[in-house]
Amino acid sequence: MSEWHYPEVGGTQDVFFDRATARFLPTIVAGEGVYLIDDRGRRLLDVCSGPFLAALGQGNERVLQAMVEQGRKLTYTYSRTTRHPANAALAERIASLAGAGFERVHLTSGGSEAVEMALKFLRAHAVASGQGQRNRVISMMPGYHGATLQTLGLNGDVLAPALWSSMTVYSEKIPAPLTFRAPSPESAASASLTALEETIQRIGPEQVLAFVMEPIGGQSSGVNVPHPSFASGARSICDRYGIRLVFDESVSAFRTGRFLAAHHAPDALPDVAVLAKGLAAGYAPLAAALVPAALVEELSATTGFVVSHSYDASPIACAAGAAVLDEIVERDLIANAERVGAELRAGLEVIAENSPLIGDVRGRGLLLAIELVSDRTTLARFPAEVDPGSVVLRHGLDHGLLLYSRRQNRGRFGDWLLIAPPLVIDAEVCGDLLGRLESTLASAANELVRSHTSNGTDPL
Ligand SMILES: Cc1ncc(COP(=O)(O)O)c(C=O)c1O
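## Regarding the site of the ligand
And step 1. Around the ligand, a shell composed of 16 residues is seen, among which Gly110, Gly111, Ser112, Gly146 and Ser250 lie nearest.
And step 2. For the shell around the ligand, the element with the most residues is helix 5 (residues 111-128), which contributes three residues.
And step 3. Residue composition of the shell around the ligand, by class: six nonpolar, eight polar and two charged.

Laid out in structure tokens, this is it:
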């Protein structure tokens, strides 16, 4: 482990973290394809593409070149006072890939901003169309939508109110249709839909603006894949009450074998889809809210929607996004995600058979997770004081893996490792990943078995 200390002044982002977390962070000094190189010369396979983000890996020449060329031609112009061709080119590219219902593309810098933009846009549309009473939002517990003050209130995080208090507005939460430990995926979906409808009735249907959900979960649910009846049920409930359905696809876009995870269920498309992370794949801060042309035109005929951040649709970010999409399309990376992801998942299932730590393997394409349990027979979670993911992460570094784990709310919903490598990964590197992961889990299991005691109870 690198020696960690507080510098006199400045320091990296982790000087803000708690010391226990900061202590084990590797110092990354270079990147090569799907590997990150640390200051000790270790080549670490980037198992979750950072936070589901670095879809093309490091140093993609085509993307870097596109950014340099754009920067030379036009570095920056403000999207509120001007327009520029790189914005038009990227919006056309995204809208064509997203298909009918997503003709307009509002570009901004990150997932939290894009989720907020989507809600601000829908609110502005509601006000302009005489539905100003619609200001309530429903989302899921657990769930994640960002770290701005407003998205913190959307997140399904039971501890958020104690920390953020009245600094944010909290959405109403319904239980996410978590499949693991549920009697069946269908019953989980059905219970969540019942809660959605009851919540709408309790608030008053005419007050509700939107229901925001991750169609396939990310870090907050350990890639929960709801039963298909959930999306179709949510679509019909929203339609019944004139409520907008928003899919936060910050994580799921590009990864599940379709451009949008929403495309797995064409009859249950949302009104708005949010893209982030993989869109510029780490080359530039970029995210998008995809909305139907009809809504934009209705609004532009009245008040319009002129809410902007200075970096919205910035030329270099647009050039990066367009080049990333060119790579995704020309290298057929969405199909690669489906194909290689299926092999990776099969390999994870084999590892799971022999690992005392794995209770579940789930996900779709190259968006996968394994749930860590303290007892495979009872599926018991780890007790609040043991964070198994952080132990596995530490062992991963010794086996050449940079892993990403999550335990939200001290393990209340579970512990998981998120397995979402860059979309450019091939079967050979996946094989290497699996071998390293198996050794990592074996050595982590030794440590955890020595240190934990199973609580065996359901903390929910
Ligand atoms: C589903 C989802 N939505 C929104 C966000 C927020 O994106 P950003 O970190 O780019 O603001 C994240 C980030 O992890 C996410 O996973």
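## Notes on the nonpolar core
And step 1. By size, the foremost hydrophobic cluster in this structure holds 137 residues, and its most contacted members are Ala118, Phe211, Val274, Leu290, Ala320, Val324 and Ile419.
And step 2. Ranked by residue count, the leading element in this core is helix 11 (residues 315-330), at ten residues.

## Describing the domain arrangement of the protein
And step 1. Along its sequence, the protein is organised into domain 1 (13-59 + 332-451) and domain 2 (61-330).
And step 2. Put simply, the middle of domain 1 and the middle of domain 2, counted by C-alpha atoms, are 26 Å apart.
And step 3. Taken together, the contact between domain 1 and domain 2 spans 34 residues of the former and 31 residues of the latter.
And step 4. Counting only elements with at least two residues in the side of domain 1 that touches domain 2, the list comes to helix 2 (49-52), helix 12 (333-354), strand 11 (358-364), strand 12 (367-372) and strand 15 (415-419).
And step 5. Here the side of domain 1 that touches domain 2 takes five residues from strand 11, the largest share from any one element.
And step 6. Split into classes, the residues belonging to the side of domain 1 that touches domain 2 amount to 19 nonpolar, eight polar and seven charged.

## Considering the sheet that holds strand 4 (residues 104-108)
And step 1. Strand order in the open sheet formed by seven strands is 4-10-9-8-7-5-6, with mixed pairing between adjacent strands. Either end of the sheet is taken by a strand with one partner, and the two such strands are strand 4 and strand 6 (172-175). When the angles between neighbouring strand axes are averaged without regard to direction, this sheet yields 25°.
And step 2. Pairing between strand 8 (residues 244-248) and strand 9 (residues 272-275): three bridges, direction parallel. Each bridged residue has a counterpart across the sheet, and for aspartate 248 the counterpart in strand 9 is valine 274.

Analysis parameters
Residues numbered from 1 in each chain as written. Predicted model: local features only at pLDDT ≥ 70, side-chain atom pairs only at ≥ 80, totals over all residues. Near = placed C-beta within 6 Å. Helix = DSSP H or I, 4+ residues; strand = E, 2+ residues; numbered from the N terminus. Nonpolar A, V, L, I, M, F, W, Y, C, P; charged D, E, K, R; others polar. Core = buried A, V, L, I, M, F, W, Y, C linked by C-beta atoms within 7 Å. Buried ≥ 20, exposed ≤ 12 C-beta atoms within 10 Å, placed from the backbone. Domains from an automatic or database assignment. Contact = placed C-beta atoms within 7 Å. Pairing = 2+ DSSP bridges. Axes fitted to C-alpha atoms, helices over the stretch in contact; angles between N-to-C directions.

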